[in-house]
Amino acid sequence: MATATYVPIATQTLSTSASSITFSSIPSTYTDLRLVFVGNSSAANRYLTLTFNADSGTNYSMTYLVGDGTTAASGNRTSDTSLYTNNYGGSSITIPQFITADIFSYTGSTYKTVLCTTSSDKNGSGNTDRVAGLWRSTSAITSITMQYLITGSNINAGTTATLWGI
Amino acid sequence: MAVIPGILASSKTGHLVTSNFFKIATVTASGSQSSVTFSSIPSTYKSLQLRILANDGGAGACSLNFNSDSGTNYAFHRLYGNGSLVSANGTASTTSLSYNSPSGSLSNIYAAAIVDIIDYASTSKYKTVKTFAGVDNNGGATSLAYLTSGLWQSTSAITSITITDQQGNNWTSSSTFTLYGIS
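Residues numbered from 1 in each chain as written. Chains lettered and ligands numbered in written order. Predicted model: local features only at pLDDT ≥ 70, side-chain atom pairs only at ≥ 80, totals over all residues.

Enquirer: Explain the overall build of chain A residue by residue, including any values.
Expert: For chain A, the count of helices and strands is zero helices and 13 strands. Dimensions of chain A, computed from C-alpha atoms along their principal axes, come out at roughly 45 × 35 × 35 Å. Taken across its 166 residues, chain A has 52% of its residues classed as buried. Here the analysis covers contacts within chain A between residues at least 6 apart in sequence; of these, 74% occur between residues at least 24 apart. (Helix = DSSP H or I, 4+ residues; strand = E, 2+ residues; numbered from the N terminus. Buried ≥ 20, exposed ≤ 12 C-beta atoms within 10 Å, placed from the backbone. Contact = placed C-beta atoms within 7 Å.)

Structure below.
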């Protein structure tokens, strides 16, 4: 029999707003990680970003593909201080976004590739996004911090983030 | 595992092991192969998921074949962006299903792909495949985000899957291919 493997490592549900959510001391026993975030921000049009191992150097980049209900677009961000899970439209104050991030070989010795999806419909506006992201570090990932950028936006109460091990 | 709440975050830290996602097999490339095959796939699951992290030292696309079928029984549509432009195209009646993740061309940068194969054991339906793949190299030319829908026009149950580097490049020895079954 094959081995069952899709394990919720931890979940956080915010009872009040917070500037960030962090999962730390992530065990090294899985092949990949999957982060699932359902939530919104205290200020509109913000982007959820990920920081690994508290690294705030310019070691993150991403390429995105997005549709906003009218057009499709692609762009990128380079040498950022965190990994943008999307870069188009942004968040809502009231309507939750559904964001996933698959982090491949998170304990491996190569740079870390991340595939992100964002589903963010606002009843007349919104977008669906796909992102290929990169953290240029050979370190194993032991912590992940989620934060809305541009600076100055909290993550609203009621937001839920779950980290899965695969 | 420690959970650091933002402010007064509630947490559920129980390790609830879900029971419907199973690792079937993992292949780590030898460094001298341009294809990988999963064979004798059991028919006991509803769907399959391939998770791939690969680098071929070039920028080759990748393709899938099922049950060693190299006939013109595959078709696919793609939507992709390279950091500047969005493109879409499709191919009918072709000999493999290209999921077109670039394999990666720079050392330490690996392309990732998630390939979902729905109802793979059916003996009455053609097989539908969904992929999400991509790679980023900090603004470099090979950065891509890729979506593909694919079709294998066969009612045979899938018992083997071959992943091939279409340029014939060898995958580096850190490249990994893992097949999961979802019940």
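Next comes the rest of the write-up.
Enquirer: Quick one: what's the story with the overall build of chain B, residue by residue and with numbers?
Expert: A count of helices and strands for chain B gives zero helices and 14 strands. For chain B, the N- to C-terminal ordering of α and β elements is β-β-β-β-β-β-β-β-β-β-β-β-β-β. Pairs at least 24 apart in sequence give 76% of the contacts found in chain B among residues at least 6 apart.

Enquirer: Tell me about the environment of B:Gly81, and please be specific about residues and values.
Expert: Residue position: B:Gly81 is located in strand E7 (residues 74-81). Of the residues examined, B:Gly81 has 26 C-beta atoms within 10 Å and is grouped as buried. Remark: the alpha-carbon pair of B:Gly81 and B:Leu147, spanning 66 residues in sequence, is separated by 9.2 Å. If sequence neighbours within four positions are ignored, B:Gly81 has contacts with A:Thr63, A:Tyr64, A:Leu65, A:Ser74, B:Val86 and B:Ala145.

Enquirer: Give me the lowdown on the interface of chain B and chain A, citing residues and values where you can.
Expert: Listed per partner, the contact involves 52 residues of chain B and 56 residues of chain A. By residue class, the composition of the side of chain B that touches chain A is 27 nonpolar, 21 polar and four charged. (Nonpolar A, V, L, I, M, F, W, Y, C, P; charged D, E, K, R; others polar.)

Enquirer: Which residues make up unusual backbone geometry, and what values go with them?
Expert: Notably, B:Asn108 is not glycine yet its phi reads approximately 80°, a positive angle. Along the chain, B:Asn108 turns up in the loop between strand E9 (97-98) and strand E10 (111-118).

Enquirer: How would you explain the nonpolar core if you had to name every residue and give the values?
Expert: Among the nonpolar cores identified, the biggest contains 89 residues, and A:Ile144, A:Leu163, B:Ile52, B:Ala112, B:Ala113 and B:Ala145 are the most heavily contacted of them. Here this core takes six residues from E10(B), the largest share from any one element. Residues in contact with B:Ala113, not counting those within four places in the same chain, are B:Ile52, B:Tyr99, B:Ser101, B:Thr131 and B:Ala133. (Core = buried A, V, L, I, M, F, W, Y, C linked by C-beta atoms within 7 Å.)

Enquirer: Describe the sheet that holds strand E13 (residues 161-165) of chain B, with residues and values.
Expert: The four strands lie next to each other as E4-E13-E6-E9 (chain B), forming an open sheet whose pairing is antiparallel. Where the open sheet ends on each side, the last strands, each with one partner, are strand E4 (35-38) and E9 of chain B. (Pairing = 2+ DSSP bridges.)

Enquirer: I'd like a rundown of the confidence of the model for chain B, residues and numbers included.
Expert: Residues and elements named next belong to chain B. Taken over all residues, the pLDDT of chain B has a mean of 88, while the share at 70 or more is 88%. Residue range residues 3-17 is modelled with pLDDT below 50. Its contacts to residues more than four positions away, or to other chains, number 38 contacts. Quick note on the complex model: pTM equals 0.92, ipTM equals 0.93. (pLDDT = per-residue confidence, 0-100.)

Enquirer: Lay out the pairing of strand E11 (residues 127-135) of chain B with the relevant residues and their values.
Expert: All names here are of chain B. Counting buried positions over the nine residues of E11 gives seven, a clear majority of the element. Bridge count for E10 against E11 is seven bridges, and the pairing is antiparallel. Looking at the pairing, Ala112 lines up with Gly134 of E11.

Enquirer: Before we move on, can you summarise the environment of B:Lys127 with the specific residues and values?
Expert: Residue and element names in this part refer to chain B. If you trace the backbone, Lys127 turns up in strand E11. Among the residues examined, Lys127 registers 24 C-beta atoms within 10 Å and is labelled buried. Between the C-alpha atoms of Lys127 and Ala92, which are 35 residues apart in sequence, the distance is 15 Å. Beyond its immediate stretch of four places on either side in the chain, Lys127 contacts Phe66, Ile117, Tyr120, Trp152, Ser154 and Ile158.

Enquirer: Which residues make up the pairing of strand E8 (residues 86-94) of chain B, and what values go with them?
Expert: All names here are of chain B. Examined bridge by bridge, E7 and E8 share seven bridges and lie antiparallel to one another. Looking at E8, one finds that Tyr80 is bridged to Ser87. Counted between consecutive antiparallel strands, the loop separating E7 from E8 contains four residues, among which Gly83 sits at a positive phi close to 95°.

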